[in-house]
Amino acid sequence: MREFSKYGGKFVPEPIISALDELEEEYENIKNTKDFKKELDQLLKEYAGRPTPLTYSKKLSDKFGCKIYLKREDLLHGGAHKLNNTIGQALLAKHMDKDKIIAETGAGQHGVATSMAGAKLGLETEIYMGHEDVQRQKMNVRRMELLGAKVNEVTSGEAKLKDAVNESLRTWVKQLEDTHYLIGSVVGPSPFPKIVRDFQSVIGKETKKQIQEKEGKLPDRIIACVGGGSNAIGIFKEFIEEKNIKLTGVEAAGSASISKGLEGVLHGSFSKILQTDEGQIKETESIAAGLDYPGVGPEHSLYDELNRINYTTANDKEALQAHKLLSKKEGIIPALESSHALAQLPKIQKEVTRDDIVIINLSGRGDKDVEEVQKHE
Amino acid sequence: MNELKKSFQDGAFIPYIVAGDPDYKKSLEIAKKIIDAGADALEIGIPFTDPAADGPTIQKAYARSLNNGFKVKQIYQYIKEIRKYSDIPIILLTYYNIVYNQGIENFYQKTEKIGVNGVIIADMPPEESKQVTKKIKDKKINQIFLVAPTTTEKRIKTISEKGSGFIYVVSRLGVTGKRKNFQETTKKLIKKVKSNTDLPVAVGFGITKPSHVKKARKAGADGVIVGSAIVDKIEKNKKNQQITQYIKKMKQKI
Ligand SMILES: Cc1ncc(COP(=O)(O)O)c(C=O)c1O
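The name given to chain B in an unreviewed UniProt entry is Tryptophan synthase alpha chain, and the organism recorded there is Methanohalarchaeum thermophilum. As its UniProt record puts it under Function (unreviewed entry), chain B is described as follows: "The alpha subunit is responsible for the aldol cleavage of indoleglycerol phosphate to indole and glyceraldehyde 3-phosphate." According to UniProt, the comment filed for chain B under the heading Subunit (unreviewed entry) is "Tetramer of two alpha and two beta chains."

In the nomenclature of an unreviewed UniProt entry, chain A is known as Tryptophan synthase beta chain of Methanohalarchaeum thermophilum. Under the heading Function (unreviewed entry), UniProt records this for chain A: "The beta subunit is responsible for the synthesis of L-tryptophan from indole and L-serine."

Quick look at the structure:
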């Protein structure tokens, strides 16, 4: 049995095993200590800006005929949910006496959040980013550099996110002793999916409290976008046992690992991946760089199999429409990734009633996407 | 006696190439030349799009092969053609997703039938090997595992029990690729592995020069695997004759 029934595992070359074992042991020892919890709480509150609000959206509610709330991870420092994980893992790295952190990034959001955590906690930071992404996300490259990180361009493979993960793994194995690999989503070999999920689960815990304060009850539905799946697991986890709450994960149509993938192994875990009939990894294409990844966290594959979470897709056009709608109606420019979750609203309009409470995880803000959106006008 | 094990009796020189690199036909010719030059066993990589254990040289070889149209299912034909030419022990190296996608049972059944002697799955440590070892229990094929500088003695013992054929010692922390020196730590590692297993021990990752072969043998290695240094010559489009000469020089030091 693996971590998530048959999903998960440690499909890595032998040299990395000892580092994963060390990480697992240290994490279990450190995570519940008073010191660690106190430091993490403090950082999340004073530095990252938690708790983030749960905003009622009157205009969307009127338009779609239900009560719509937005969990505002776009207001977290850095502009996305990513910092919950990077602050947590960087603090863990510090407690493990590592001097250095390395990370992959696609759109650059995780790279920026890692660079922030590295700067804040005094850890040397190196980021691996595909050449393609460096070209389309110049501003984020500059932000990382300002934050003191070194950005390495990756030219192998498709020169995108998956190749940046490969390069991070290759680099990590050369410097296991003093370096922590700060992976950006609930993917990768065990124990990463669990660690990232734990650090992101603060989203769901806050949401539960907030909705109870505002509505005196739990929501009927929660919707989140799924790339690797960290913001989605982050908000869903707290509600998994509440079987009558409908949980929906929205993948990008051009990189829908759960909806269109097959079981296999990519980046160290057994999960669903987009592959050819020969087992080669497929190229992906999404307007949202953060969703442009051919794999998905193993825990999602399990919830799909158990039918606990419903997975669906939104295409580029639907995401763009949702992006514009929220900008105009609510004065919030959502990340294109998060816009995939918003794009689910018109599709459930017929199924919901006035009193139904629907929460959307607004995983990030869309400033980074302004140019990309303009290209499609 | 196990054919693969036998090849280690007087020391084994094991070159590694990628099937289909630079294309199917040429890689078949190269394989034959390498056999003629005196290789004791041949390791053949089945290309995968995302080889996380490999450095740039072998990554590029995988990409060349795939870009020139190599299909995983061609591996069976490729091996058959080598088998027609020679009965040299053959070891396949690939990544888990390739084997899983072929169907574990199907893959081992077919490879055994065409005379493959061993399989290495670069991203399958013993803890993930249950499904594979179950399927090969009564097959002649050997499952070979890696030992790294970070592997504990206890793990070496487990690996020795789960694997067969030989143990592949990863000479350094890192990925595949050429390098200048043979480190002192590699010698210690070879000794550590030898004292914890009865299987032959082959060392690979970074073996480039004849002096490396000599040092590895002196430290107690039963075999030496050379990949990037050969693949690099294929990339640079060197004449097969140069590859042959290189292999002869390396083999002399076994
Ligand atoms: C704003 C935003 N949302 C979502 C994602 C997708 O990642 P995950 O599925 O891990 O939440 C990203 C990734 O870069 C992102 O930047």
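Now that the structure has been shown, we can carry on.
In this section: the packing of aromatic side chains. All chains considered together, the criterion is met by 15 aromatic pairs over all chains. Ring centres of Phe270(A) and Tyr100(B) lie 5.1 Å apart, and the angle between their planes is 80°; this geometry places the pair in the edge-to-face category. Taken together, the residues span two chains, with Phe270(A) in strand β10 (residues 269–273) and Tyr100(B) in helix α5 (residues 96–102). Linked through ring pairs, Tyr7(A), Phe11(A), Phe270(A), Tyr96(B) and Tyr100(B) together constitute an aromatic cluster. One Lys or Arg, Lys208(A), reaches over the ring of Phe239(A) and ends 5.7 Å from the middle of that ring.

All right, on to the UniProt feature "domain: Tryptophan synthase beta chain-like PALP" (unreviewed entry) in chain A then. Within this numbering scheme, the UniProt entry marks residues 47–363 of chain A as carrying the feature "domain: Tryptophan synthase beta chain-like PALP" (unreviewed entry). Across residues 47–363 of chain A, helical content stands at 41% and strand content at 20%; the span's end C-alpha atoms are separated by 18 Å.

In this model, chain B carries an average pLDDT of 95, and 99% of its residues clear a pLDDT of 70 or more. As scored by the predictor, the complex reaches a pTM of 0.97 and an ipTM of 0.96.

A few words on the site of the ligand. Residue and element names in this part refer to chain A. In the region of the ligand, 18 residues are neighbours, and Ser185, Gly227, Gly229, Ser230 and Ser363 sit closest. Take serine 185: an N or O atom from its side chain is 2.6 Å from an oxygen atom of the ligand. Within the contact set of the ligand, an oxygen atom lies 2.7 Å away from a backbone nitrogen or oxygen of glycine 229. Contact with the protein chains hides 96% of the accessible area of the ligand, taken as 390 Å² for the molecule alone. Counting the residues that make up the shell around the ligand, at least three belong to each of domain 1 (14–42 + 82–196) and domain 2 (49–80 + 201–375).

All right, on to the domain arrangement of chain A then. All names here are of chain A. Partitioning chain A into structural domains gives domain 1 (14–42 + 82–196) and domain 2 (49–80 + 201–375). For domain 1 and domain 2, the distance between their C-alpha centres works out to 23 Å. Of the residues lining the interface, 25 residues belong to domain 1; the matching set on domain 2 comes to 34 residues. Roughly 2,300 Å² of surface becomes buried between domain 1 and domain 2 when both sides are summed, with 58% attributable to carbon and sulfur atoms.

What counts and how
Residues numbered from 1 in each chain as written. Chains lettered and ligands numbered in written order. Predicted model: local features only at pLDDT ≥ 70, side-chain atom pairs only at ≥ 80, totals over all residues. Heavy atoms only, no water. UniProt positions renumbered as here; feature names shortened; annotations may be inferred. Phe/Tyr/Trp six-rings, centres within 6.5 Å; stacked < 30°, edge-to-face > 60°. Helix = DSSP H or I, 4+ residues; strand = E, 2+ residues; numbered from the N terminus. Lys NZ or Arg CZ within 6 Å of the ring centre and 35° of its normal. pLDDT = per-residue confidence, 0-100. Near = heavy atom within 4 Å. Polar contact = N/O pair within 3.5 Å; in protein donor to acceptor, adjacent residues only side chain to side chain. Areas by Shrake-Rupley, 256 points an atom, 1.4 Å probe, with all protein chains shown as cover. Domains from an automatic or database assignment. Contact = heavy atoms within 4.5 Å. Buried area = accessible area lost by both parts, 1.4 Å probe.

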